[in-house]
Amino acid sequence: MRTPLWLAPLVLGACATARPAAARSSAPVQYRVDLTHGATQYVHVQARIPSKAARTKLALPAWTPGSYKIRDFAKHVYGLSATSIDGRPLQVELVDKQTWEVRNGGKPFDVRYRVFAATPSVRTSLLDDTHASINGASIFVFEPGKLGRPRRVEIEAPQGWTVHTALPSRDGALLADDYDVLVDSPIEVGTPTVARYDQGGTAFEYVLTSPDALKLDRARLLDDARALTAAFGEMMGGFPMKRYVFLMHVGDEGGGGLEHADSTMMMMRSAAFERSSGYDRAARLLAHEFFHLWNVKRIHDEALGPFDYLSETYTRLLWFHEGFTETMESLAMRRSGLWTQQEYLDHVGRSLSSYSRKPGRDAMPLAETSFRAWTHGYQPEKNHRNETISYYEKGDLLGVCLDLRIRLASEGKGSLPGVFRRLMREYAEQGKGITAQAVVDAASAEAGVDLSPFFARYVEGVEPLPLRALLEEAGVVVKARPVWSKAGGADLPDAAAKRAWTGLELAGTTVRNVVPSSPAEAAAVMRGDEIIAVQGRRVTSEDALRHALGRVGPGARASLTAFRGSRLLELELDVQESPHRIYTLSLPAEPGPALKSWLER
């Protein structure tokens with residue numbers, strides 16, 4: 001049976017979200033979304049366009065905000081046609097990969113089309129026989145230049161399905177002030193479980209879609225969410241909205257999260273929850289996406305809104321928007337009590353250990369890494385590991401460095417959360433986008449000293465991050481042990497294999513990467529070489545290859561037999577002692593004010 005179904009709690013009024021927008025038009029664009037063809041995985045859409053132009057262009061976005069990759073959503077659109085309001089067919093022409101032109105003769109018209117929605121991802125849309133997850137950028141056509149029109153959405157769903165979104169509803173329809181708000185409000189339709197709680201004057205909903213047979217500790221998920229939102233509310237001085245919706249899907253495929261102003265869409269695989277660590281991952285995912293309601297959605301680069309949905313939108317601030325959100329995620333895990341002080345320090349130590357192994361960690365300025373997100377972040381090439389690093393990973397550690405630098409300079413009075421509070425007051429609440437200089441100014445004000453040199457060195461420049469020095473200055477006891485040693489100093493059982501280093505990064509016995517300035521590079525080893533023997537003895541696995549190099553040992557020369565395509569080669573390379581270290585952090589006997597404020601709950 002086809003019937004529109006609505007959740008009464010949706011009628012809560014418009015969301016209090018600061019978004020720059022185009023001039024409003026009173027005539028709304030009306031969409032009807034038919035989700036009753038789940039087995040085909042086609043979403044059927046009808047849109048009424050109140051255009052008065054003789055010819056009207058309609059488009060579908062090339063990307064979705066928060067995910068910096070051209071996805072060409074229009075490639076999933078089929079059978080687009082248009083009619084006048086009284087049903088007469090209108091001529092439609094596809095003018096480019098994502099734009100159609102309708103000859104509507106200066107009158108409003110209807111357009112109908114199907115969207116193939118079969119990708120389990122927070123960045124796209126999915127429809128099957130159990131539920132629908134709608135990312136507006138992949139479903140709703142718009143009229144370029146007319147983003148300011150209000151939007152009205154009716155959803156037709158199978159019997160028993162309910163609708164969940166941050167959008168308000170009235171008279172059986174979802175309402176959005178404009179296209180930006182519509183695209184920024186994912187919609188989950190199905191039979192999820194819903195839990196609600198109030199905090200600091202804000203109503204929260206946790207909407208969980210998962211297979212019925214999956215055993216999940218739903219109470220733990222909710223308790224963790226409640227603890228994290230409380231921690232963020234305390235750090236940020238309250239919430240800038242009256243309602244927030246967590247949309248979580250746990251299933252066989254997909255993963256990740258995508259931020260929105262008053263909600264987030266998250267996905268995790270059910271296998272993750274077979275271990276307790278899965279709940280820690282779920283909490284961290286939620287913390288990251290939730291903090292984006294401040295960082296990106298309200299505190300945002302001037303370039304990030306209003307959006308150009310048809311082409312790339314460049315920013316040099318993703319180290320701040322994504323990297324520093326990672327930093328705040330970890331702080332919230334500590335402030336919420338989900339992590340102890342030592343667990344937080346362990347996390348920083350693991351991050352430092354991982355970062356120090358990345359050959360491209362200091363090859364490209366973070367500002368440039370951000371700018372190149374469209375071609376590097378989501379579309380890695382074989383050499384990227386040597387030429388760049390994720391702005392998430394390095395930006396996170398830069399955020400830790402800045403937090404420590406501010407706390408040390410201010411004797412524990414300033415902090416990274418304080419930087420965000422300043423940017424909220426001085427920019428977001430004034431309806432202004434930020435610049436890189438705004439971040440420098442806020443950080444300097446919070447620290448009480450000029451931090452321009454800090455950003456020049458580590459954001460615009462490529463100097464190695466001073467994390468270890470700042471940790472030690474704050475009083476943290478930092479120890480670095482070789483990768484072949486146990487915490488107590490004894491060698492690991494496979495110490496010889498871990499101690500031998502050549503700069504080869506492997507996938508089985510195939511060379512995945514060659515580290516710059518390494519013995520492997522000096523020996524002219526190439527990516528893609530398949531190593532079949534060491535010292536004349538066959539190796540058939542990565543483990544066997546590493547142990548063979550371990551038997552050669554640092555200070556000696558190893559002979560490799562390898563296939564390069566169909567050619568058989570003999571290569572000679574020196575084996576060195578591994579430079580990699582494992583960093584562990586611990587508290588001093590008497591922490592000072594900066595360290596106390598950093599690790600407080």
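The rules behind each value
- Residues numbered from 1 in each chain as written.
- Predicted model: local features only at pLDDT ≥ 70, side-chain atom pairs only at ≥ 80, totals over all residues.
- Heavy atoms only, no water.
- Salt bridge = Lys/Arg side-chain N within 4 Å of Asp/Glu carboxyl O.
- Helix = DSSP H or I, 4+ residues; strand = E, 2+ residues; numbered from the N terminus.
- Pairing = 2+ DSSP bridges.
- Axes fitted to C-alpha atoms, helices over the stretch in contact; angles between N-to-C directions.
- Contact = heavy atoms within 4.5 Å.
- Buried < 20%, exposed > 50% of the residue type's maximum accessible area, 1.4 Å probe, protein only.
- Expected span 1.5 Å × (residues − 1).
- Phe/Tyr/Trp six-rings, centres within 6.5 Å; stacked < 30°, edge-to-face > 60°.
- Lys NZ or Arg CZ within 6 Å of the ring centre and 35° of its normal.
- Core = buried A, V, L, I, M, F, W, Y, C linked by side-chain atoms within 4.5 Å.

Draft legend 1. Representation of the pattern of salt bridges in the model. Tallying each qualifying case throughout the model produces 29 salt bridges. A salt bridge links K358 to E393, with the shortest nitrogen-to-oxygen separation between them at 2.7 Å. With K358 in the loop between α5 (341-356) and α6 (366-371) and E393 in helix α9 (residues 391-409), this residue pair connects regions lying 35 residues apart in the sequence. Here E505 makes a salt bridge to R385, at a shortest N to O gap of 2.6 Å.

Draft legend 2. Highlighting the sheet that holds strand β21 (residues 263-269). Spatially, β17-β18-β19-β21-β20 is the arrangement adopted by the five strands of the open sheet, whose pairing is mixed. Here the strands that pair on one side only, and so sit at the sheet edges, are β17 (193-199) and β20 (256-259). On average, each strand axis in the sheet is tilted by 15° relative to the strand beside it, whichever way the strands run. Sheet contacts for helix α2 (residues 218-236): β17, β18 (202-209) and β19 (243-251); angle to β17, the most-contacted strand, approximately 30°.

Draft legend 3. Looking closely at the packing of α9 against helix α11 (residues 436-447). Closest axis-to-axis distance for the α9/α11 pair is 8 Å, and the angle between their directions is 35°. Of the residues in α11, those in contact with L402, I406 and A409 of α9 are A443, E446 and A447.

Draft legend 4. A look at the pairing of strand β3 (residues 42-49). Because side chains alternate across β3, one face comprises the buried residues V43, V45, A47 and I49, and the other comprises Y42, H44, Q46 and R48, none of which is buried. Sheet topology note: the strand β2 (residues 29-34)/β3 ladder contains five bridges and is antiparallel. Bridge assignment links D34 to a residue of β3, and that residue is H44. Here β3 runs beside strand β9 (residues 109-116); their pairing, made up of eight bridges, is antiparallel. Across the sheet, residue Q46 finds its bridge partner in β9, namely R112.

Draft legend 5. Main features of the sheet that holds strand β16 (residues 187-190). Spatial ordering of the open sheet is given by β10-β11-β16-β13, a layout of four strands whose pairing is antiparallel. In this open sheet, the two strands that pair with only one neighbour each are β10 (126-127) and β13 (162-165). Where strand β11 (residues 132-134) meets β16, three bridges bridge the pair, whose relative direction is antiparallel. Its bridge partner lying in β16, S133 is registered against E188.

Draft legend 6. The arrangement of helix α3 (residues 277-291) in detail. For α3, which comprises 15 residues, the first-to-last C-alpha distance of 21 Å matches the rise-based estimate of 21 Å (1.5 Å per residue) to within 8%. Of all 15 residues in α3, 11 are buried, a share of seventy percent or more.

Draft legend 7. Inspection of the packing of aromatic side chains at higher detail. Evaluated as defined, the whole model comprises 41 aromatic pairs. For the pair F142 and Y179, a centre-to-centre distance of 4.9 Å together with 40° between the ring planes defines the contact as tilted. With F142 in the loop between β11 and β12 (151-158) and Y179 in helix α1 (residues 179-183), this residue pair connects regions lying 37 residues apart in the sequence. On the numbers, 5.2 Å between centres and 70° between planes, the contact of Y344 with W598 is edge-to-face. Taken as a pair, Y344 in helix α5 and W598 in helix α17 (residues 593-599) lie far apart in primary sequence, 254 residues in all. In this structure, R114 is placed above the aromatic ring of Y42, and the distance from its NZ or CZ to the ring centre is 4.7 Å.

Draft legend 8. Looking closely at unusual backbone geometry. Of note in this structure, D72 is not a glycine but carries a positive phi near 50°. In this fold, D72 is placed in the loop between β4 (55-59) and β5 (77-84). Its identity is not glycine, yet S517 carries a phi of approximately 60°, on the positive side. Relative to the elements of secondary structure, S517 occurs in the loop between β25 (510-514) and α15 (519-522). A residue is classified by how much of its surface remains accessible, and S517, at 69% relative accessible area, is exposed.

Draft legend 9. Fine view of α5. In this model, α5 (16 residues) spans 23 Å end to end at C-alpha, consistent with the 22 Å of a helix rising 1.5 Å per residue. Every buried residue of α5 is listed here: Y344, L345, H347, V348, G349, S351, L352, S353, Y355 and S356. The elements touched by buried residues of α5 are α3, α4 (318-335), α9, α13 (467-474), β31 (581-586) and α17.

Draft legend 10. Examining the environment of V552 more closely. Within the secondary structure, V552 sits in helix α16 (residues 542-552). What makes V552 buried here is its relative accessible area of 17%. Counting along the chain gives 116 residues from V552 to A436, while the straight-line C-alpha distance between them is 50 Å. Leave out the neighbours within four places in its chain, and V552 touches V534, Q535, R557, A558 and V575.

Draft legend 11. A look at the environment of Y314. Assignment of secondary structure puts Y314 in the loop between α3 and α4. Sequence separation between Y314 and Y279 is 35 residues, and the spatial gap between their C-alpha atoms is 34 Å. With residues near it in sequence (within four places) discarded, Y314 still touches A303, F371 and W374.

Draft legend 12. Region of interest: the side chain of S410. Position of S410 among the secondary structure elements: in the loop between α9 and α10 (416-426). The contact partners of S410, leaving out residues within four places of it in the chain, are E446 and A447.

Draft legend 13. The nonpolar core, seen in detail. Y31, I155, F290, W319, F455 and W598 are the most contacted members of the largest nonpolar core, which totals 149 residues. The biggest single contributor to this core is α9, with nine residues. Not counting the four nearest positions on each side in its chain, F290 is found in contact with F204, T229, F232, F239, M241, Y244 and F246. Of all hydrophobic cores here, the second largest spans 21 residues; its members include L506, I531, L549 and V575.

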